[in-house]
Amino acid sequence: MDFSFWALLVMKMLTSAAIVVGASLVVERSGPFLGAMIVTLPISAGPAYVFLALDHGSGFIAASALAGLPVSAATVIYMVVYVALAQRFGVLPSVGSALGVWVIAITAILKWQWSLGSALALNIAVYALAIPLTRKFSTAAVPVSPKKRAWDVPFRAALVMTVVGVTLVVGRTLGPSIAAAAALAPVVLISVALVLQPRMGGTAAASVVANGVPGMLGFVGALSLLHLCAVRLGAPVALILALAVSIGWNASLIAVRRWRLGERAGI
C-alpha cells in the first residue's frame, strides 16, 4: 500500500466524518432536507479525484468520471432500498439489505462498457423511478433529540471514520476488483444511517436519505462535466467546475424549497 493510498484513506476518513457529523447536527436543528443537502455534496469524493489527478493525469480523471456515472445510479438504488426498509426494520437489517442490493447492482454495472450516453440513460431511468418512490418518505418529522453527552460528537466521528477506514483497507487487502468496489461504496450514506437511525429512528433517518435523492443529481452533472472537460481544460479547472456544479445544484434546491415554503406561508 503506497503513500497515496494512505493519504487518500486519511482524507476520506476525515472528510466523511465531518460530513456525517455536520449533517447529523443540522438534521437535529433544521430538519432532514438541509442535512441531505450536505450529505450529497462531493466533499468525500472530491479528495479521491484530486489524488487521482496527481497520480494519473487528466485522461485518467475523464475515464474515472465516466465510470462513476453508472456507479452513481447504483448508489441511488441503495438509497431507495434503505428508505423503504428503514420504515420497518432496524439499522443493521436495513443497511445490510440495501448494501446487498448495491453489491448486485455494482457487479452488473462493472461488467459493461459504458459510454456517456448510456451512463446518462441509466441515470435517467433510475431517477425517474427513485424520485417518485422516495418522495413520500422525505417529509417525516424529526423527533426531539435526547440530551447531548460530551462524548456524543466524538463517538459519531469515530464511528464514521471506522466504517470508511475498514471498507477501504479491507477492499485493498482483498485484491484489485474488491478494492475498486470498496472505493465506490456509499460509505457516507451508510454512516448516516448508522449514526441517525439508532438516535432518531428509521423514519427520520430514511427522510434524510430520501431528501438526498434529488441532491444526487448534482453529482451526476458534476461527473458529466468532469468527464467532458478534464482533458480539454485540464484536471484542476475541471475539478473546480465540477464542484461548482454540485454546490450550485444543491443551493438551487434549497432556494426552490424556501420559495415554496414562502408561497405556502403567503410571504
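Note: the structure precedes this text.
Because the structure is predicted, anything quoted here is derived from the model rather than measured.

**Quick look at the nonpolar core**
At step 1: If you look at the biggest cluster of nonpolar residues, it comprises 64 residues, and the most contacted ones within it are Val 76, Tyr 78, Met 79, Tyr 82 and Leu 226.
At step 2: Every residue in contact with Met 79, bar those within four places of it in the chain, is listed here: Leu 189, Val 209, Gly 212, Val 213 and Met 216.

**Re the layout of surface pockets**
At step 1: Considered as a void within the structure, the second largest pocket measures approximately 550 Å³ in volume.
At step 2: Taken together, 17 residues form the lining of the second largest pocket, with Phe 33, Asn 211, Pro 214, Arg 257 and Arg 260 sitting closest to its centre.
At step 3: If you list the elements that add at least two residues to the lining of the second largest pocket, you get α2 (32–39), α6 (116–135), α10 (202–233) and α11 (235–265).
At step 4: Considering each element in turn, the lining of the second largest pocket owes the most residues, six residues, to α11.
At step 5: Partitioning the lining of the second largest pocket into residue classes produces nine nonpolar, four polar and four charged.

**A look at the packing of aromatic side chains**
At step 1: The final tally for this structure, using the stated rule, is two aromatic pairs.
At step 2: Centroid distance Trp 112 to Trp 114: 6.2 Å. Interplanar angle 40 degrees. Geometry classified as tilted.
At step 3: Judged by its relative accessible area of 60%, Trp 112 is exposed.
At step 4: Seen from the ring of Phe 33, Arg 257 lies directly overhead, with NZ or CZ sitting 4.4 Å from the centre.

Criteria and cut-off values
- Residues numbered from 1 in each chain as written.
- Predicted model: local features only at pLDDT ≥ 70, side-chain atom pairs only at ≥ 80, totals over all residues.
- Heavy atoms only, no water.
- Core = buried A, V, L, I, M, F, W, Y, C linked by side-chain atoms within 4.5 Å.
- Buried < 20%, exposed > 50% of the residue type's maximum accessible area, 1.4 Å probe, protein only.
- Contact = heavy atoms within 4.5 Å.
- 1 Å grid on protein atoms, 1.4 Å probe; cavity = no way out; pocket = protein on both sides within 12 Å on 5 of 7 lines; lining within 4 Å.
- Points joined across faces, edges and corners; volume = space filled by probe spheres on them.
- Helix = DSSP H or I, 4+ residues; strand = E, 2+ residues; numbered from the N terminus.
- Nonpolar A, V, L, I, M, F, W, Y, C, P; charged D, E, K, R; others polar.
- Phe/Tyr/Trp six-rings, centres within 6.5 Å; stacked < 30°, edge-to-face > 60°.
- Lys NZ or Arg CZ within 6 Å of the ring centre and 35° of its normal.

Any functional reading would require information that these geometric values do not contain.
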